[in-house]
Amino acid sequence: MAQFTVNALRFDPYKNFKFRVKWDNRYVAAVSKISGLKRTTEVVKHREGGDPSSSRKSPGRSEFEAVTLERGVTHDREFEQWANKIWNFGAGLGKEVSLKDFRKDLIIEIYNEAGQPALAYKLFRCWVSEFQPISDLDANANAILIQHIKLENEGWERDYQVVEPAEGSFTEPPGA
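Each value, and the rule that gives it
- Residues numbered from 1 in each chain as written.
- Predicted model: local features only at pLDDT ≥ 70, side-chain atom pairs only at ≥ 80, totals over all residues.
- Heavy atoms only, no water.
- Helix = DSSP H or I, 4+ residues; strand = E, 2+ residues; numbered from the N terminus.
- Rg over C-alpha atoms; globule rule 2.2 N^0.38 Å.
- Buried < 20%, exposed > 50% of the residue type's maximum accessible area, 1.4 Å probe, protein only.
- Contact = heavy atoms within 4.5 Å.
- Areas by Shrake-Rupley, 256 points an atom, 1.4 Å probe, with all protein chains shown as cover.
- Lys, Arg positive; Asp, Glu negative; His and termini not counted.
- Charge placed at Lys NZ, Arg CZ, Asp CG, Glu CD.
- Phe/Tyr/Trp six-rings, centres within 6.5 Å; stacked < 30°, edge-to-face > 60°.
- Lys NZ or Arg CZ within 6 Å of the ring centre and 35° of its normal.

S.K.: What am I meant to see in the overall build of the protein here?
M.R.: Check the secondary structure of the protein and you find 1 helix and 10 strands. Reading the helices (α) and strands (β) of the protein from amino to carboxyl end gives β-β-β-β-β-β-α-β-β-β-β. Computed over its C-alpha atoms, the radius of gyration of the protein comes to 22 Å, more than 25% above the 16 Å expected for a compact globule of 176 residues. Its C-alpha atoms put the protein at 70 × 65 × 35 Å along the principal axes. Considering the protein as a whole, with its 176 residues, one finds that 26% of them fall into the buried category. Across the protein, contacts joining residues at least 24 apart in sequence account for 62% of those joining residues at least 6 apart. Total accessible area on the protein stands at roughly 12,500 Å², and carbon and sulfur atoms take up 51% of it. If you average the places of the 25 positive and of the 26 negative side-chain charges in the protein, the two averages end up 3 Å apart.

S.K.: Just to check I follow, could you spell out the packing of aromatic side chains for this structure?
M.R.: Centre distance and the angle of the planes are the two values used to describe a pair of aromatic rings. Inspection of every chain in the model, using the stated rule, returns 5 aromatic pairs. With a centroid separation of 6.0 Å and an interplanar angle of 80°, the aromatic rings of Phe64 and Trp156 are classed as edge-to-face. Taken together, the residues span a long stretch of sequence, with Phe64 in strand S5 (residues 56-64) and Trp156 in strand S10 (residues 156-158) at a distance of 92 residues. The exposure class of Trp156 is buried, given its relative accessible area of 17%. Considering the side-chain rings of Phe102 and Trp127, the 6.3 Å spacing of their centres and the 70° angle between planes classify their relative orientation as edge-to-face. Separated by 25 residues along the polypeptide, Phe102 in the loop between helix H1 (78-83) and strand S7 (104-111) and Trp127 in strand S8 (residues 117-132) bring together distant segments of the chain. An aromatic cluster is built from Trp23, Phe79 and Trp82, whose rings are joined through pairwise contacts. Over the ring of Trp156 we find Arg39; its NZ or CZ atom is 5.3 Å from the centre of that ring. Over the ring of Trp82 we find Lys104; its NZ or CZ atom is 5.4 Å from the centre of that ring.

Remember, this is a structural readout, not a statement about activity or role.
As structure tokens, this is what we get:
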């Protein structure tokens, strides 16, 4: 079976370096790294009294692992403002937490090398469980300043509305 239905001559899987993150119907600036999506389903073992000494297995509860987003530090306040909905020290008594809108759905869009949308995943009811506004500072380093948020979520699914894009025609390189 072909790995790609629209682009039958494509053999290489998609690269992991072209992606964007969207929440509140707008793209989030400068996201450079996203941890993987992972779902784990517990195994429930059971055995009937008359069965031999082996157990049967059935699926139990499914858990969705937290997702971490990293980006270079800019003047964009999206990460910090969302994290402050969970706990904002200077907000005043009774206003430290915003239970009204601290959860967001987000979309991770993955693009092919030509910049066409190839895959998308929707993450549901995310909230910030960890916020790091700046990474370690090191006067001897030659690196950019990084901030990250860790997002708890209640599930994710692939967006099947995003279909395989038709890529340009492939031709054999000269001398092949």
